[in-house]
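# Descriptive analysis of the structure
Now for the letters of each chain:
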Amino acid sequence: MSTNTPGRKLVLSQQAADAAALAPQLLPAEMPVPPEGHAVVEVKAAAVNPSDVKAALGLMPHAVWPRTPGRDFAGVVVAGPAEWRGVEVWGTGGDLGMVRDGTHARYLVLPLRALSRKPAGVSLAAAATVGVPFITAHEGLRRAGLRGRGQTVLVLGANGKVGQAAIQLATRSGARVLGVERDGSRYVGHASDEVQVFRAGDPALAQRILDATQGRGADIAYNTVGSPYFQLALDTLAVGGTQVLISTIERSVPFDILAFYRRNLQMLGVDSLKLSAAECADTLNALLPGFDDGSLKAFDVDDATLLPLEQAAEAYRRVLSGSMERVVLAP
């Protein structure tokens, strides 16, 4: 399978001053010739992540200029080794859209090691939503020592996309999962078991979480928000437990060092930007059985959240405004 049809790509030539100035250029793009050890993917769908927008606003100091943004994708291999041509693939990478051209374009050049076969039962649009949330969730849970049955995982920001991915992975492993949300609403995502959700504003929240674990606390507190939940996570961890941090609002928070070390607690920072597309492909390959058997599910995409490349500026602004839906571009 091959094509010489011209495509287009987004190009960020300089950082935007503010949200109103988010206006990536849409330029023509011929199908590239892959160098040795690489392939060309024709991108069919590419999610827009908060990190993509932050990079456009100049908030990612290591991002190079000019470049095509975008980290997540799903598409079809159109050039490269014969065994890959015509194969539907999915992926993501902290290098994509940062230090090399990314996925908000018709064509994407990738090392062969970064190719991962898309699950057959997941549409291309839905497959493009998996990358950053599931890679981030998996990396945090892996490094925190998720084993499954007998463990309790507390997810702070349960209905966010990384929160939902963490809940899917933790319940699939057999762990018990508790969630915290601002309004205390029910968990809205997929899970392999029941998820008990608590309201963030409850003044007795820490005690309620401890009561729910018979006073033991959680083995892992996956904090997707950062500073607002930092102390709550420490207060509700079991002895030897780990708080996973992936983001924050405030950069500095006080905490009791004495209580921290006497309870053998751990803190773990996870930045998925440090993982290359090839490393992310290894993780997606490991998660593939879950998407094949339905124990893991991609996020929903519909006509309202699937936008053409021409509406990239609108897509970026939606994500910047805090859209709870996964916004996906269709190059």
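Parameters and conventions
- Residues numbered from 1 in each chain as written.
- Predicted model: local features only at pLDDT ≥ 70, side-chain atom pairs only at ≥ 80, totals over all residues.
- Heavy atoms only, no water.
- Helix = DSSP H or I, 4+ residues; strand = E, 2+ residues; numbered from the N terminus.
- Expected span 1.5 Å × (residues − 1).
- Buried < 20%, exposed > 50% of the residue type's maximum accessible area, 1.4 Å probe, protein only.
- Contact = heavy atoms within 4.5 Å.
- 1 Å grid on protein atoms, 1.4 Å probe; cavity = no way out; pocket = protein on both sides within 12 Å on 5 of 7 lines; lining within 4 Å.
- Points joined across faces, edges and corners; volume = space filled by probe spheres on them.
- Nonpolar A, V, L, I, M, F, W, Y, C, P; charged D, E, K, R; others polar.
- Polar contact = N/O pair within 3.5 Å; in protein donor to acceptor, adjacent residues only side chain to side chain.
- Salt bridge = Lys/Arg side-chain N within 4 Å of Asp/Glu carboxyl O.
- Core = buried A, V, L, I, M, F, W, Y, C linked by side-chain atoms within 4.5 Å.
- Pairing = 2+ DSSP bridges.
- Axes fitted to C-alpha atoms, helices over the stretch in contact; angles between N-to-C directions.

Another aspect to go through is helix α4 (residues 161-173). End to end, α4 covers 18 Å across 13 residues, agreeing with the expected 18 Å (1.5 Å per residue, within 8%). Of all the 13 residues making up α4, 11 are buried; the element is thus mostly covered by neighbouring parts of the structure. By the burial criterion, the buried members of α4 are K161, V162, G163, Q164, A165, A166, I167, Q168, L169, A170 and T171. In the core, the buried residues of α4 are packed alongside α3 (131-144), β7 (152-156), β8 (176-181), β9 (195-199), β10 (218-223) and α8 (277-293).

In this section: the layout of surface pockets. There is about 1,400 Å³ of room inside the largest pocket. In terms of lining, the largest pocket is formed by 39 residues, of which the most central are P50, K54, V162, T224 and S247. Of all the elements in the fold, those that place two or more residues in the lining of the largest pocket are α1 (50-56), α3, α4, α6 (227-235) and α9 (312-320). When residues of the lining of the largest pocket are assigned to their parent elements, the largest contribution, 4 residues, is made by α1. Residues of the lining of the largest pocket, tallied by class, amount to 19 nonpolar, 12 polar and 8 charged. Quantified by volume, the second largest pocket comes out at close to 360 Å³. Lining the second largest pocket are 20 residues, with Q164, G189, A298, F299 and D300 positioned closest to its centre.

The next subject is the side chain of D72. Mapped onto the elements, D72 comes out in the loop between α1 and β4 (73-79). Polar side-chain contacts of D72 include one of 3.1 Å to the side chain of N49. Setting aside residues no more than four positions away along its own chain, D72 makes contact with A45, A46, A47, N49, G91, T92, T103, A128, G131, V132, P133 and R326.

For the rest of this paragraph, the subject is the pattern of salt bridges. Applying the stated criterion across every chain yields a total of 11 salt bridges. In this structure, R142 and E139 form a salt bridge, with 3.0 Å as the shortest nitrogen-oxygen distance. Taken as a pair, R142 and E139 lie in helix α3 at a separation of 3 residues, close to a single helical turn. A salt bridge links D271 to K274; the shortest N-O distance between them is 2.6 Å. For D271, a relative accessible area of 34% puts it in the partly exposed group. Given the relative accessible area of 63%, K274 is considered exposed. The network of salt bridges with shared partners includes E42, K44 and R106.

Residues W90, F134, V153 and F291 are the most contacted members of the largest nonpolar core, which totals 44 residues. For this core, the secondary-structure elements that each account for two or more residues are β3 (38-47), α2 (124-127), α3, β7, α4, β9, β10 and α8. Looking at this core element by element, the count peaks at 6 residues for α4. If we ignore the near neighbours within four places in the chain, the residues touching F291 are W90, P119, V122, V130, F134, L296, K297 and A298. In this structure, F198, A218, A221 and L234 belong to the second largest nonpolar core, which totals 18 residues.

What follows covers the sheet that holds β7. The 6 strands lie next to each other as β9-β8-β7-β10-β11-β12, forming an open sheet whose pairing is parallel. Every interior strand has two partners, whereas the edge strands, β9 and β12 (266-269), have only one. Adjacent strand axes in the sheet meet at a mean angle of 20° when their direction is disregarded. Relative to β10, β7 runs parallel, the two being bridged by 4 bridges. By the bridge assignment, L154 is partnered in β10 with A221. Across the sheet, α3 lies against β7, β10, β11 (237-245) and β12, angled at about 150° from β10, the strand it touches most. Contacts between helix α5 (residues 205-212) and the sheet are confined to β7, β8 and β9, with β9 contributing the most and set at about 160° to the helix.

Another aspect to go through is α3. The end-to-end C-alpha separation of α3 is 20 Å, in line with the 20 Å expected for 14 residues at 1.5 Å each. Across the 14 residues of α3, 11 count as buried, placing the element largely inside the fold. The complete set of buried residues in α3 reads G131, V132, P133, F134, I135, T136, A137, E139, G140, L141 and A144. Residues of α3 that are buried make contact with β7, α4, β10, β11, β12 and α8. Count one or two residues on from α3 and you reach G145, which has phi positive near 90°.

Turning next to unusual backbone geometry. A positive phi angle, near 55°, is found at Q214, a position not held by glycine. When you line up the elements, Q214 lands in the loop between α5 and β10. Phi angles above zero are rare outside glycine, and N264 is one such case at about 55°. Mapped onto the elements, N264 comes out in the loop between α7 (257-262) and β12.

None of the figures reported here should be taken as evidence of function without further support.
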